[in-house]
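Chain residues, written in single-letter form:
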Amino acid sequence: MGAALALVAPPQEDLRTMAHDALDKWLDQIQAETGTTPTLLELSEQFMATRLQLLGACLEGLIRQQYAADLEQDEAECRCGRRLRRRRLDAKEISTLHGRFTLHRPYFYCDACGVGFHPLDAKLGLSPRHHQYDIQDRTTRVGAELPYGLGEEQFARLTGVPASAHFMHETLNAVGEAATLERVLPDANEIGRRIDAAREGAHRRPVLVVACDGAHAPTRPPGGRKTKRGAGAWREVKGFRLYLLGPDARVIHVASWHQIADKAELSTALGVVAARIPRDGVRIALVADGAEWIWDVFREHFPDGEEILDYYHCAEHVCETARAQYGEDTLEAQEWAEATLTRLYLNQLGAVVGGLLRMRPRTPAAEEAIRALSIYLEGQRERVGYRELRRRGLPCGSGGIESANKLICHVRLKRSGAWWLEANGNAMLRIRCALYNGTFEQVFADYMASRGTPNPSP
Ligand SMILES: [Zn+2]
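Residues numbered from 1 in each chain as written. Predicted model: local features only at pLDDT ≥ 70, side-chain atom pairs only at ≥ 80, totals over all residues. Heavy atoms only, no water.

Colleague: A description of the packing of aromatic side chains should follow, citing residues and the corresponding values.
Modeller: For the structure shown, the criterion picks out ten aromatic pairs. Ring centres of W26 and F47 lie 4.7 Å apart, and the angle between their planes is 70°; on these two criteria the pair is classed as edge-to-face. Taken together, the positions of W26 in helix α2 (residues 12-34) and F47 in helix α3 (residues 40-66) put the pair 21 residues apart, joining distant regions of the chain. You can call W26 buried: its relative accessible area is 9%. Residue classification places F47 among the partly exposed positions, given a relative accessible area of 38%. Relative to Y312, the ring of Y311 lies with its centre 5.9 Å away and its plane at 85°, an arrangement referred to as edge-to-face. Here Y312 falls in the exposed class, since its relative accessible area comes to 52%. (Phe/Tyr/Trp six-rings, centres within 6.5 Å; stacked < 30°, edge-to-face > 60°. Helix = DSSP H or I, 4+ residues; strand = E, 2+ residues; numbered from the N terminus. Buried < 20%, exposed > 50% of the residue type's maximum accessible area, 1.4 Å probe, protein only.)

Structure below.
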């Protein structure tokens, strides 16, 4: 076997000679273009401008050596078992993070099956597109963080590879199709590992916080860029975040999922992650801001979870009411808010609601605020009592979901002037969740598999 390979592969020296020649040529060019006393910056910029020529030549040389036999292949077997003769050599220009080169690969065609293929493309795992998967992986990560125009600019500056904003956008949307709910959420094994990490050194079962919230995303109806589109609309992005409270209140992220979606879709998503949680391994704390639909969804999937009204939302609401009634920055407002929050802390919700009913509103705005707060607190009876929750090591609220919303949704979707087609906005959210959940690599692997082996017909 080894002997047979040695016969077809050119000796190692060929590659080395080629690489050394390329290096010599490159060094000559650097010296010619930077003068006698270049600064470090000048040298670095010159390297940056020319490194892809050198690296591209090396990469090409390596492939030519490693796949010498495949580049010469003149016979192949079709999937139907027929022996095929090579039809021709097809040129493919290949762009990588390490430069560009052209490969002339053997092409085979089976008349009986009506199928044509390049065996080498499958061996190399080539993308049918010009920019290969190494570039597609990076542009998707960049596009998930930056607006595409800015992404194009920064990507070219940092890599020397010109990938257009359009390419970034298209690739991200295509990867977004592979970013399914099942794959964006970590699997049961991975969730188990994170729970084990949270349990280390703890004397109680770790708390798994399940937090749910809505945020708003600017969307626009479909329509070409040139045709007049309808007006944009703010749609609700619904999402959840699960995280563990480890020893010393350390937060260990488990899973995030955010989509422009309705209650039923969010419930389905929460059901998928709920099925991956080992119930006997954690104590479940359900945290939300008060909207009743969220509690319905929680109860469906975590009937044994502890329901907690997010303290920060609750406090915000109380302070707004205090300001409406007693004025901005007054001592009265501060005292009333503190007294109200203390009662909630002590689980005296009944007394708080009773007090609100007895209050004499000073203005119509105050009347409205008082009414809204009593409606908000009504029905939250078992969800406050923060002192007791704290004693049991449960959280009083979730800064977590707020920051997840900001991190996943706002920073990328809410850029000035950006309006999203719902499908594209959701693809972006799924990619961002995958990056945040640590599942992007498996999503990208699915994306590559979905592209299949390039098999162009003649
Ligand atoms: Zn065939």
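More follows now that the structure is in view.
Colleague: Explain the coordination of the zinc ion to me, using residue names and the numbers behind them.
Modeller: Bound to the zinc ion on the protein side are C78 (SG), C80 (SG), C110 (SG) and C113 (SG), at distances that span 2.3 to 2.4 Å. Around the zinc ion, the four donor atoms are arranged such that angles at the metal cover 106 to 116°; this shape is classified as tetrahedral. Along the chain, the residues that donate to the zinc ion are spaced as C-x1-C-x29-C-x2-C. In this pair, C78 is assigned in the loop between β1 (75-77) and β2 (83-96) and C113 in the loop between β3 (99-110) and β4 (115-117), connecting sequence segments 35 residues apart. (Donors = N, O, S within 2.8 Å, 3.2 Å for Na, K, Ca; no water. Tetrahedral: all angles 85-135°; square planar, octahedral: opposite > 155°, others 65-115°.)

Colleague: Account for the layout of surface pockets, with residues named and values stated.
Modeller: Gaps left between atoms show up when a probe the size of a water molecule is rolled over them. Of the voids in this model, the second largest pocket is the one considered here, and its volume is about 210 Å³. Around the second largest pocket, the lining comprises 14 residues; the ones closest to its centre are A202, L245, G246, P247 and R283. Looking at the lining of the second largest pocket residue by residue, the classes come out as seven nonpolar, three polar and four charged. (1 Å grid on protein atoms, 1.4 Å probe; cavity = no way out; pocket = protein on both sides within 12 Å on 5 of 7 lines; lining within 4 Å. Points joined across faces, edges and corners; volume = space filled by probe spheres on them. Nonpolar A, V, L, I, M, F, W, Y, C, P; charged D, E, K, R; others polar.)

Colleague: Outline the nonpolar core, listing residues and values.
Modeller: L208, V210, F240, L242, L270 and F298 are the most contacted members of the largest nonpolar core, which has 67 residues in total. Of the residues forming this core, the biggest block, seven residues, is contributed by helix α8 (residues 165-178). Setting aside chain neighbours within four positions, we find V210 in contact with R241, L242, L270, I284, A285, L286, V287, F298 and F302. Residues A315, A322, A337 and V352 belong to the second largest nonpolar core, which totals 33 residues. (Core = buried A, V, L, I, M, F, W, Y, C linked by side-chain atoms within 4.5 Å. Contact = heavy atoms within 4.5 Å.)

Colleague: So what's going on with the packing of helix α14 (residues 331-345) against helix α15 (residues 349-358)? Which residues, and what values?
Modeller: Axis separation between α14 and α15 bottoms out at 7 Å; the angle between their running directions is 145°. Considering only the axes of α14 and α15, their crossing is left-handed. Here W336, T340, R343 and L344 of α14 lie close against α15, whose contacting residues are L349, A351, V352 and L356. Partitioned by chemical class, the residues of the contact of α14 with α15 number six nonpolar, one polar and one charged. (Axes fitted to C-alpha atoms, helices over the stretch in contact; angles between N-to-C directions. Left-handed = near helix turned anticlockwise from the far one by under 90°.)

Colleague: Explain the sheet that holds β3 to me, using residue names and the numbers behind them.
Modeller: Taken in spatial order, the four strands of this open sheet run β1-β2-β3-β4, and their pairing is antiparallel. Taken across any chain shown, the strands that pair with only one partner, and hence form the sheet edges, are β1 and β4. Looking at each pair of strands side by side, their axes are set apart by 45° on average, direction ignored. Two elements, β1 and β2, share three bridges in a ladder whose sense is antiparallel. Looking across to β2, one finds that A76 is bridged to L84. (Pairing = 2+ DSSP bridges.)

Colleague: An account of the packing of α8 against helix α19 (residues 422-437) is requested, with residue identities and associated values reported.
Modeller: Running from amino to carboxyl end, α8 crosses α19 at an angle of 70°, the nearest separation of the two axes being 8 Å. It follows from the interaxial angle that α8 and α19 lie roughly perpendicular. Every residue of α19 that contacts α8 at H169, L172, N173, V175, G176 and E177 is listed here: N424, A427, M428, R430 and I431. When grouped by side-chain class, the residues that make up the contact of α8 with α19 number five nonpolar, four polar and two charged. (Parallel < 35°, antiparallel > 145°, perpendicular 65-115°, else oblique.)

Colleague: Would you mind going over the environment of V287 in detail, with residue names and values included?
Modeller: Within the secondary structure layout, V287 lies in strand β8 (residues 283-288). In the structure, V287 is positioned 111 residues away from S398 in sequence and 6.6 Å away in space, judged by C-alpha atoms. Those residues within four positions of V287 in sequence are excluded, and the remaining contacts are V209, V210, A211, C212, F298, I308, D310, G397 and S398.

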